[in-house]
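Survey of secondary and tertiary structure
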Amino acid sequence: MKKFFSVFLLFTITTVTAQIKTSVRYPNNRTTSFDSNWRFLKDSIANGEGVAINDSKWKKVDLPHDWSIDDLPNQSEGSIVGPFDKSSPGLTQTGFTRGGTGWYRKKFRIQSWLKDKHVVIHFDGVYMNSDVWLNGHHLGNHPYGYTPFYYDLTPFLKAGNQENTLAVRVRNEGQNSRWYSGSGIYRHVWLNITGPVAIAPWGIYITTPKVSMGKASVNIQAMINNAGPVRRQIQVVTTFLSPEGKVVGNTRSNLIIDPAVSKKTEETILISNPSVWSVERPSLYKAVTQINEGNNVLDRIETIFGIRSLSFSPENGLLLNGKHVLLKGGCIHHDNGPLGSVTIDRAEERKIELLKNNGFNAVRLTHNPPSTQLLNACDRMGMLVIDEAYDMWEKPKTPNDYHQFFKEWWQRDLQNMILRDRNHPSVIIWSIGNELPEVLDTAGVRIVKQLVNEVHRLDPTRPTTEAVCKCWDSANKDKHWSMTIPTFALLDVSGYNYLWREYEKDHKEFPYRIIVGTETLPQEALENWKVAEKNRYVLGDFVWTAMDYLGEAGLGNAYYDTKQSYKSNSWPWYNAWCGDIDLIGQKKPQSYYRDVVWSKRPIAMAVHEPMPDGMIENISPWGWPQEQQSWTWPGVEGKSLKVRVFSRAPMVRLKLNGKVVGEQAITDTSITAVFNVAYHPGTLEAVNVENGKETAAFVLKTAGTAKRIRLIADHRRIKASKNDLSYVTVEVVDENNQVVPNSEVLIHFSVEGSGELAAVGNANPTDVASFHQKERKTFNGRCLAILRPNGKAGVITLKATAKELTGTQIVVTTH
């Protein structure tokens, strides 16, 4: 059987604008934010939905909100510190944080002339098991914490000067996650306000049957609802605008729609000389779709989209707009480090920005659907996406996880994910799950078939995959790899976790398989990249992980012992420590190695910290040796340090204070040269030698004594919106403005003006501390302060001080 998967797509995104407070007005844009002015109580009270309940003493919050990242009550050194509790139900899996039950309430009024409008509330994600009431009426329950959902408020809404009460109960109970999930309404909420005749939620779907540099054939489908009592004769019009804002085409459909009926329109046009969406140039168009009845506009949506083609085959791999692309991928979880799981737009954007700047062109969103804002960022920046649905099916991975709800909810959750996300140009593959134990039995084959068929029904334009690993669980560890054959036969792309050694052998037996390394190890970056470069049927790989994340504490640890051993971590470890990028956005040693693997830089170097006498280093499979890009090791002068140089050159030369201390050839099968160098302060320089000449170099210099604090903001001018942020990196530097990498000092912060200190943090995976107090220790000479506007234009002034260091301040302007 030969597998070939080719699609040509034009993608759409719906954006949220406008903000409201306590009075809802019908905006020109049908969508209005519902994030502000909520009340919150972390308690499992009964009847929290009651209209008469006095919630005036509940905490005031704006959404998105994650209560698990907040400081816990009853702080106790060594057991309850900041949001961390040594006895939490999830322990290392959830990073020693707590869930529980929480209630949200919001009171609001709508104008009387809106009484005939239809009002739908959208939740982009609530973790987890939420129930929603309006004015005491139960609207529904939604168990899964990562899929979007919506309710029609219209039947129970009070118009005019009457007060409405919306209540949401969230239950994050027991052990239900293998990583930090966060708790609460952690993504955005908004209202769609329309007439009875309107475009259905996620009702726009656009594909392109043919794409070339000369023209693109564009097919647009629109699902229209008539919730009114009478038949309507309408026209559906879509106007397409180029990235420059010029009209490049339009479609028109005449439709007669009966009451209580939904109907689909479908039209095709040609766009000449399209600017295609690509990794290097992610061009985005705009479509304006509206429903007209005579001279009246009944509904209107503006949609951002991009034009591109995709093709998958074992002969050619992945072709994007006809060009071969190897996936330089990384897996990422959904949290935003010190912010917890709060989905602030800029936080989602910065995550993708950091990865793109560090050479990644693809992310696997593990192991759940992402926020709308993250996909929007991927669209804008040209980041390819594997969009993943589940971490478990019918069998549990933790006692209280989604397996309880899978049989009843899988179809609705999969539908909500795909209908919401299928119009993003960045999404190239749907993943139906990760490391499912059912894969090895007939139940698993049944589930795979159901899921794949449903995905293809909802979106036949993209391939499906599933991340499959060898059996680690005790129940299946003796089962043979060949038992995965029925599962792979149902998938369009075969996802292999940590199995690059199987690729070529499996290809001989199954030449039609298209393979992707859905999870790979940092220390095997070169091997995974070489096998993908060599074989077109391998699409690339996704390292576990691209960024550090909360939970799975110490997964990537390394430690010293007198013997070779494996030690699982416990308190005070709270983050996974396996990312290329650390929790505050800085490069880790493995990221420099990957730069050379991907030919992003010609040479890099790392120095191992002094090894304790009589000890050996034990490194987790997901870990990395305890080395740094540092030549500052006071107290070990004269002691030999291990220096690794990474290079694609045939030879490297190492110099200390201008003198050559070593020279090594690098074999074709490696990019690493290892030296042992007696430590003396000064300058350590690694140099490529090509054709007898020194070319590129990588230099490390010894830092001096810590003198002052330096503040570097990623953006000095930001929007006044609470959805924007300024990330301020705090560095301890010497008299020459060089970061002092061994400096660990407590930095004190103060903030004045039109904003707040949203969070502080450092990269230390064992430094359990509050993310919300106005102080933080540096780690490797750095920590982070995140500034958030309060909604008003002005300036935010951040001051940083520390004992025996010269303090400083930085001003960020909001507009």
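So, here's what we can say about the structure. (Residues numbered from 1 in each chain as written. Predicted model: local features only at pLDDT ≥ 70, side-chain atom pairs only at ≥ 80, totals over all residues. Heavy atoms only, no water.)

1. Here we look at the sheet that holds strand E30 (residues 515-520)
The condition is simple: Strands qualify as paired when DSSP identifies two bridges or more between them. The way it works is that DSSP assigns letters per residue, a run of H or I at least four long becomes a helix, a run of E at least two long becomes a strand, and they are numbered from the N terminus. Whenever a helix is involved, its axis is fitted only over the stretch in contact; in every case the axis is a line through C-alpha atoms, and angles between N-to-C directions fall within 0 to 180 degrees. Contacts: residue pairs with any heavy atoms within 4.5 Å of one another.
Spatial strand order, E24-E25-E26-E27-E28-E29-E30-E31: eight strands in a closed barrel with parallel pairing. The sheet shows a mean angle of 25 degrees between the axes of neighbouring strands, taken without regard to direction. Across three bridges, strand E27 (residues 427-434) lies against strand E28 (residues 464-468) in parallel orientation. Its bridge partner being in E28, Asn434 is matched across the sheet by Ala467. Along the sheet, helix H3 (residues 406-421) contacts strand E26 (384-388) and E27; its crossing angle with E27, the most-contacted strand, is approximately 165 degrees.

2. Digging into empty space enclosed by the protein
Basically, it comes down to this: Whether a set of points on the 1 Å grid over the protein atoms alone is a cavity depends on a 1.4 Å probe fitting there but being unable to get out, while an open set qualifies as a pocket with protein on both sides within 12 Å along at least five of seven lines; lining residues are those with an atom within 4 Å of a point. Grid points are joined across faces, edges and corners, and a volume is the space filled by probe spheres set on the points. For this scheme, ten residues count as nonpolar: Ala, Val, Leu, Ile, Met, Phe, Trp, Tyr, Cys and Pro. Four count as charged, namely Asp, Glu, Lys and Arg, and the remainder, Gly too, count as polar.
The full count for this structure, using the stated rule, is four cavities of 30 Å³ or more. Its boundaries defined by the atoms lining it, the largest cavity holds a volume of some 170 Å³. Forming the walls of the largest cavity are 15 residues, and the residues nearest its centre are Asp335, Asn336, Gly337, Lys351 and Met547. The greatest single-element share of the lining of the largest cavity, amounting to four residues, is contributed by helix H1 (residues 345-357). Split by residue class, the lining of the largest cavity holds eight nonpolar, three polar and four charged. One number sums up the size of the second largest cavity: a volume of about 140 Å³. Grouping the amino acids of the lining of the second largest cavity by side-chain chemistry returns eight nonpolar, five polar and three charged.

3. Re the sheet that holds strand E16 (residues 215-226)
Pairing in this open sheet of three strands is antiparallel, and the strands run E15-E16-E19 from one edge to the other. The sheet is open, and its two borders are formed by strand E15 (197-211) and strand E19 (261-272), each paired with just one other strand. Sheet twist, expressed as the average angle between the axes of neighbouring strands with direction ignored, equals 20 degrees. Note that E15 and E16 share nine bridges and pair antiparallel. Looking at E16, one finds that Tyr205 is bridged to Gln221.

4. Quick notes on the pairing of strand E17 (residues 232-241)
Using the following cut-off: Each residue's exposure class comes from its accessible area (1.4 Å probe, protein chains only) as a fraction of the maximum for that residue type: buried when under 20%, exposed when over 50%, partly exposed otherwise.
Burial within E17 is extensive, with seven of its ten residues counted as buried. Pairing between E17 and strand E18 (residues 247-257): ten bridges, direction antiparallel. If you follow Gln235 over to E18, its bridge partner there is Asn254. Sheet analysis places E17 next to strand E20 (residues 285-293), joined by seven bridges and oriented antiparallel. Bridging across to E20, Val237 finds its partner in Gln290.

5. Here's the deal with the packing of helix H7 (residues 525-534) against helix H8 (residues 589-597)
Note the cut-off: Put simply, angles under 35 degrees are roughly parallel, angles over 145 are roughly antiparallel, angles from 65 to 115 are roughly perpendicular, and the rest are oblique. Crossing handedness follows the turn of the near helix against the far one: under a right angle anticlockwise gives a left-handed crossing, and clockwise gives a right-handed one.
Where H7 meets H8, the axes come as close as 10 Å, and the angle between the chain directions of the two elements is 25 degrees. Judged by the inter-axis angle, H7 sits roughly parallel to H8. You can see that H7 and H8 cross each other, and the crossing is right-handed. Between H7, through Ala525, Leu526 and Trp529, and H8, the contact on the second element is made entirely by Tyr593, Arg594 and Val597. Of the residues assigned to the contact of H7 with H8, the class counts are five nonpolar, no polar and one charged.

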